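Overview (structure and organization)
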Amino acid sequence: MATNDTIKRAAMRAQLREWGSRGRLTRELEREMRAAAREYDVALNELREAKRRESEGPRRGQAHAAARRAAKAAEDIAKRYAAQYEELRHRVAQRTGTDEALNTALDAMDERTQLVMRMRYIRGMSWAAIGIACGCEESNARRVERAAVDALCRTKSAKKQSS
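Residues numbered from 1 in each chain as written. Predicted model: local features only at pLDDT ≥ 70, side-chain atom pairs only at ≥ 80, totals over all residues. Heavy atoms only, no water.

With that out of the way, let us pick up the overall build of the protein chain. Within the protein chain one finds 6 helices and 0 strands. Secondary structure elements of the protein chain occur, N-terminal to C-terminal, as α-α-α-α-α-α. Sorting the 163 residues of the protein chain into buried and exposed places 29% on the buried side. Put simply, of all contacts in the protein chain between residues at least 6 apart along the chain, 70% involve residues at least 24 apart. Of the accessible surface of the protein chain, which amounts to about 10,800 Å², a share of 51% is contributed by carbon and sulfur atoms. (Helix = DSSP H or I, 4+ residues; strand = E, 2+ residues; numbered from the N terminus. Buried < 20%, exposed > 50% of the residue type's maximum accessible area, 1.4 Å probe, protein only. Contact = heavy atoms within 4.5 Å. Areas by Shrake-Rupley, 256 points an atom, 1.4 Å probe, with all protein chains shown as cover.)

Below is the structure:
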């Protein structure tokens, strides 16, 4: 039968895994945002060029109609990428806001503990790889993680009792 501490540790580890996956997703969203911003710039340049052709060309005929359609299409593309960028920016802001308490608690820990926790939960590294990266045995890396999880559990329960 699992003890109360074991259950708390399991819940904290689940929360840490979720935190790590949100960190990876946030980086992916930021890459998507940069791509959307580049596409938006390309669309704006196409729009400017299409509007220039429309204004310099004849006021009637097929060439004028084609330039007007190109300008409208470029404007629609620019609007779509601007909306996509704003939606992604909003999602990134939501993700980073929910992780502030955990980041604050981890920042209060020593550098080695932070390194172990980030390698395990953000990068998803194995215990053996963490041990090699830290220059210690795998079992020592596990002990550091367990002590950090216990400290996070104590911090969480202390905050619950004070509220």
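For helix α4 (residues 111-121), the complete set of buried residues consists of Thr113, Gln114, Val116, Met117, Met119 and Tyr121. Between the side-chain oxygen at the start of α4 and the backbone nitrogen of Arg112 there is a gap of 3.3 Å, and the oxygen is on Asp110. (Polar contact = N/O pair within 3.5 Å; in protein donor to acceptor, adjacent residues only side chain to side chain.)

Let us look at the packing of helix α3 (residues 100-107) against α4. Packing of α3 against α4 brings their axes to within 9 Å, and their N-to-C directions diverge by 140°. When the interaxial angle is binned, α3 and α4 end up oblique. Facing Asn103, Leu106 and Asp107 of α3, the residues of α4 in contact are Gln114, Met117 and Arg118. The class makeup of the residues in the contact of α3 with α4 is 2 nonpolar, 2 polar and 2 charged. (Axes fitted to C-alpha atoms, helices over the stretch in contact; angles between N-to-C directions. Parallel < 35°, antiparallel > 145°, perpendicular 65-115°, else oblique. Nonpolar A, V, L, I, M, F, W, Y, C, P; charged D, E, K, R; others polar.)

Moving on to the pattern of salt bridges. On inspection of all chains with the given rule, the structure shows 4 salt bridges. Among the ionic pairs, Arg9 bridges to Asp150, the shortest N-O distance being 2.6 Å. Placement of Arg9 in helix α1 (residues 4-56) and of Asp150 in helix α6 (residues 138-162) is noted, with a sequence separation of 141 residues between them. Classification of Arg9 by relative accessible area gives buried; the value is 12%. Between Asp107 and Arg118 there is a salt bridge whose closest N-O contact spans 3.5 Å. Placement of Asp107 in helix α3 and of Arg118 in helix α4 is noted, with a sequence separation of 11 residues between them. Exposure remark for Arg118: the relative accessible area of 26% places this residue in the partly exposed category. (Salt bridge = Lys/Arg side-chain N within 4 Å of Asp/Glu carboxyl O.)

Take the environment of Arg9 next. On a C-alpha basis, the gap between Arg9 and Arg146 in space is 8.2 Å, while along the polypeptide they are 137 residues apart. Every residue in contact with Arg9, bar those within four places of it in the chain, is listed here: Arg146, Val149, Asp150 and Cys153.

Attention now goes to the side chain of Glu145. Within the secondary structure, Glu145 is located in helix α6. The exposure class assigned to Glu145 is buried, which follows from its relative accessible area of 2%. Not counting residues within four places of it along the chain, the set of residues in contact with Glu145 comprises Arg13, Val116, Met117, Tyr121 and Trp127.

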